[in-house]
Amino acid sequence: MNLYSYSYAVPYIIVILILFVLAYFENKTFSMKERNKLINVASVLLIFFFGLRGFIQSDFQNYYPWFEELPTIWNVNNFFKPFTESYEPGFVLFTILCKSIIPNYFCWIFVCSLIDILILKKVFKEYSVNVCLSFAIYFAIGAIIMEFNLMRNIKAILILMLALKYIRKRKMLKYFFYVYLATLFHVTSIIFIPLYFVLDKKIPKLVLLGIFIICIAVLFLNIKFLSSLLPTVANLLGGEYALMTELYIASGALDTSYGVSFGVIERVITFFLVFHFYGKWTDLTGDKYIFPNMFVFYFMCFSLLSEMSVLLERFAYFFALSYCIFFPNLLKLIRIQSNKILLSLFVFFVFTLKIAQQTKTIVCKYDNVLFGIESFENRLNVLKYYNANVN
C-alpha cells in the first residue's frame, strides 16, 4: 500500500484543469449568457465532485458515526441530547433537519456541498471578474481540507463572506448578525467581530512591511512562542480550555512546523503582489482593501501559527478566499500583456502544483458514489495505516 503517489492526485488535477479551461473561455466571452453557462458548468462539476464523494481524507471517521447516531425531529426523546454533547448548535440543527428528511449520510454530504458551492458562486459573482478562475483557485487553496474535513468551518466561512458587504455599507447590526450565525456553525467565527473596524481600512505600507518582516523572522528562525503563550492564556480562561491545551501539548500538536516549503515561497510572492498593488487593486464592488487585508491576515496565520496545525487550519482558512478574489481581479488590472501572461502562468502552475501536492496521499484517493466507493471500515483502516506510518 503506497502512502504517497501522484496517481491519487490525478482526479483532482483533471478537475482543476477543467476549471482553468472554463476560466479561459469566461475571460474571452463578453456575453453574460455564455458566461453564466460556463459558471454553471463549473458549479455542477464541483457539486458532483464534492457532493458525491466517498470516505475521503480523515474527518469522515468522526462525522459518519456521529450522523448515524444523530436523532431526527421525529425522535422527541433524544432530540436535545446532541445540542449539549457534540458540535455547535447551528450545525447540529442543520444536520438533524437533513437527516429527518432523508436519513442518509451521503445525501447529507451532497446537500452540504450543494449549499457550499451555491454560496461560493454568489460570493464570486459579486466580487470576482472571473468566477471560474475563482473556483479553480478555491479548489487549490483549501477546498480539499475545507469540504472534506472542515465541514463546520466552511459553513461559518461562507456566512462570513456574505457578511463582508455590510462592512463596506457600514451596516454594523447586519454584519454582527451574520457573525452570530457563523458562530452557530463554528465558534471561532467570533474573530470577525473586531475585524468589522479594520478589514476595509488602509494599512500603511510601512506597517505591511513590518508585518512581513516579523512573520518571516518567526517562520525562518523557527521561533516557537505558542508553547509558552497558550498554556498561560488557557489557565486564565480555566476549565475545559486549560484541559484541551494540556491535551494538545501532550499529543505533540505544538511540534508541527511548516518551515521553508513551496507553500511558503508562494505566499511570500503573493504577499509582494498584494504589497505592490495595494490601493490600486479593486474588486467588482470597487472596494480596495477588504480582500488584500484578508490575505495579510492569512499570511500572518500561516507564519505565526505554523507550530500548531489545529489552530492554523481553524483560523487561516477564514481568510483563504482572499486568493479567489485577488488573483482574478489582479489579472484584469494588469495592462502590459507580457506581465499578464507571466501572472497567468504563475497562477496556473502554482495552483496546479498545490493541488497535486495536497492530494498525493492515500487518504485523498478519490471515489464517487455513482461509480462505487470503498466501505467506511476499509477507508478507516487505510487512515489508521497512514497515520501509523506517516513521517
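Residues numbered from 1 in each chain as written. Predicted model: local features only at pLDDT ≥ 70, side-chain atom pairs only at ≥ 80, totals over all residues. Heavy atoms only, no water.

Regarding the pattern of salt bridges
Our working definition: Any Lys or Arg side-chain nitrogen located within 4 Å of an Asp or Glu carboxyl oxygen qualifies as a salt bridge. Only DSSP runs of H or I covering at least 4 residues are called helices, and only runs of E covering at least 2 are called strands; the numbering of each starts at the N terminus. Residue exposure (1.4 Å probe, protein chains only): buried if accessible area is under 20% of the type maximum, exposed if over 50%, otherwise partly exposed.
Taken as a whole, this structure holds 10 salt bridges when the rule is applied. In this structure, the salt-bridge partner of E88 is R152, at a minimum N-O distance of 3.0 Å. Taken together, the positions of E88 in the loop between α4 (81–85) and α5 (89–101) and R152 in helix α8 (residues 151–163) put the pair 64 residues apart, joining distant regions of the chain. The buried category is assigned to E88, whose relative accessible area is 12%. Assessed through its relative accessible area of 13%, R152 is described here as buried. D200 is the salt-bridge partner of R170, the closest N and O atoms lying 3.1 Å from each other. Taken together, the residues span a long stretch of sequence, with R170 in the loop between α9 (165–168) and α10 (172–183) and D200 in the loop between α11 (192–195) and α12 (205–220) at a distance of 30 residues. Salt bridges here are not isolated pairs; linked through shared partners, they connect K365, D367, E374 and R379.

Details of the side chain of R35
What counts here: Side-chain atoms alone can form a polar contact between residues adjacent in sequence; in general such a contact is a pair of N or O atoms within 3.5 Å, and within protein one must be able to donate a hydrogen while the other accepts it. Two residues qualify as a contact provided that any one of their heavy atoms is within 4.5 Å of a heavy atom in the partner residue.
Tracing the chain through its elements places R35 in helix α2 (residues 32–51). From its side chain, R35 meets the backbone oxygen of V129 in a polar contact 3.4 Å long. Look past the residues within four positions of R35 in its chain and what remains in contact with it is E26, T29, S128, V129, N130 and V131.

Digging into the nonpolar core
Rules: Definition of nonpolar core: a set of buried residues of the types Ala, Val, Leu, Ile, Met, Phe, Trp, Tyr and Cys, connected through side-chain atoms within 4.5 Å.
Counting residues in each nonpolar core, the largest one holds 134 residues, and the members touching the most others are W108 and F139. The dominant element in this core, judged by the number of residues it contributes, is helix α7 (residues 131–148), at 15 residues.

Things to note about the packing of aromatic side chains
To keep things clear, this is the line we draw: To pair, rings of Phe, Tyr and Trp, with the six-membered ring standing in for Trp, must have centres within 6.5 Å; the planes then decide the type, stacked if under 30 degrees apart, edge-to-face if over 60, and tilted in the middle.
Taken as a whole and judged by the stated rule, the model has 63 aromatic pairs. With 4.2 Å between their ring centres and 5° between their planes, F49 and Y366 make a pair best called stacked. With F49 in helix α2 and Y366 in the loop between α19 (337–358) and α20 (376–389), this residue pair connects regions lying 317 residues apart in the sequence. Y366 matches F49 in its accessibility class, with the two residues each being buried.

Here we look at a nonpolar patch on the surface
As a reminder, the rule being used: To count toward a patch, a residue needs a relative accessible area above 30% and no salt bridge. Like charges then connect within 9 Å, nonpolar side chains (Val, Leu, Ile, Met, Phe, Trp, Tyr) within 5 Å. Method for areas: the Shrake-Rupley scheme with a 1.4 Å probe, in which residue coverage is limited to the protein chains shown.
On the surface, F48, V369, L370 and F371 cluster together into a nonpolar patch covering about 400 Å² of accessible area. Structurally, F371 can be placed in the loop between α19 and α20. The exposure class assigned to F371 is exposed, which follows from its relative accessible area of 67%.

With respect to the environment of K125
Structurally, the position occupied by K125 is in helix α6 (residues 105–127). As a C-alpha pair, K125 and I39 span 86 residues in sequence and 9.2 Å in three-dimensional space. Those residues in contact with K125 that sit more than four places away from it in its chain are N36, I39, V131 and L284.

A closer look at α8
How we decide: Here the expected span of a helix is defined as 1.5 Å times the quantity of residues minus one.
With 13 residues, α8 should reach 18 Å at 1.5 Å per residue; the first-to-last C-alpha distance of 19 Å fits that figure. Of all 13 residues in α8, 13 are buried; the element is thus mostly enclosed.

Focus on the packing of α7 against α8
Note the cut-off: Working convention: axes come from line fits to C-alpha atoms, limited for helices to the stretch in contact. Angles between N-to-C directions cover 0 to 180 degrees. Each angle gets one of four labels, with under 35 degrees taken as roughly parallel, over 145 as roughly antiparallel, 65 to 115 as roughly perpendicular, and the rest as oblique. In this count, Pro and Cys sit with the nonpolar residues alongside Ala, Val, Leu, Ile, Met, Phe, Trp and Tyr, while Asp, Glu, Lys and Arg are called charged and the others, Gly among them, polar.
It is at 6 Å that the axes of α7 and α8 come closest, and there the two elements cross at 125°. Comparing the axis directions of α7 and α8 gives the class oblique. Of the residues in α8, those in contact with Y138, M146, E147 and F148 of α7 are M151, I154 and I157. A breakdown of the residues in the contact of α7 with α8 according to their chemical character gives 6 nonpolar, no polar and 1 charged.

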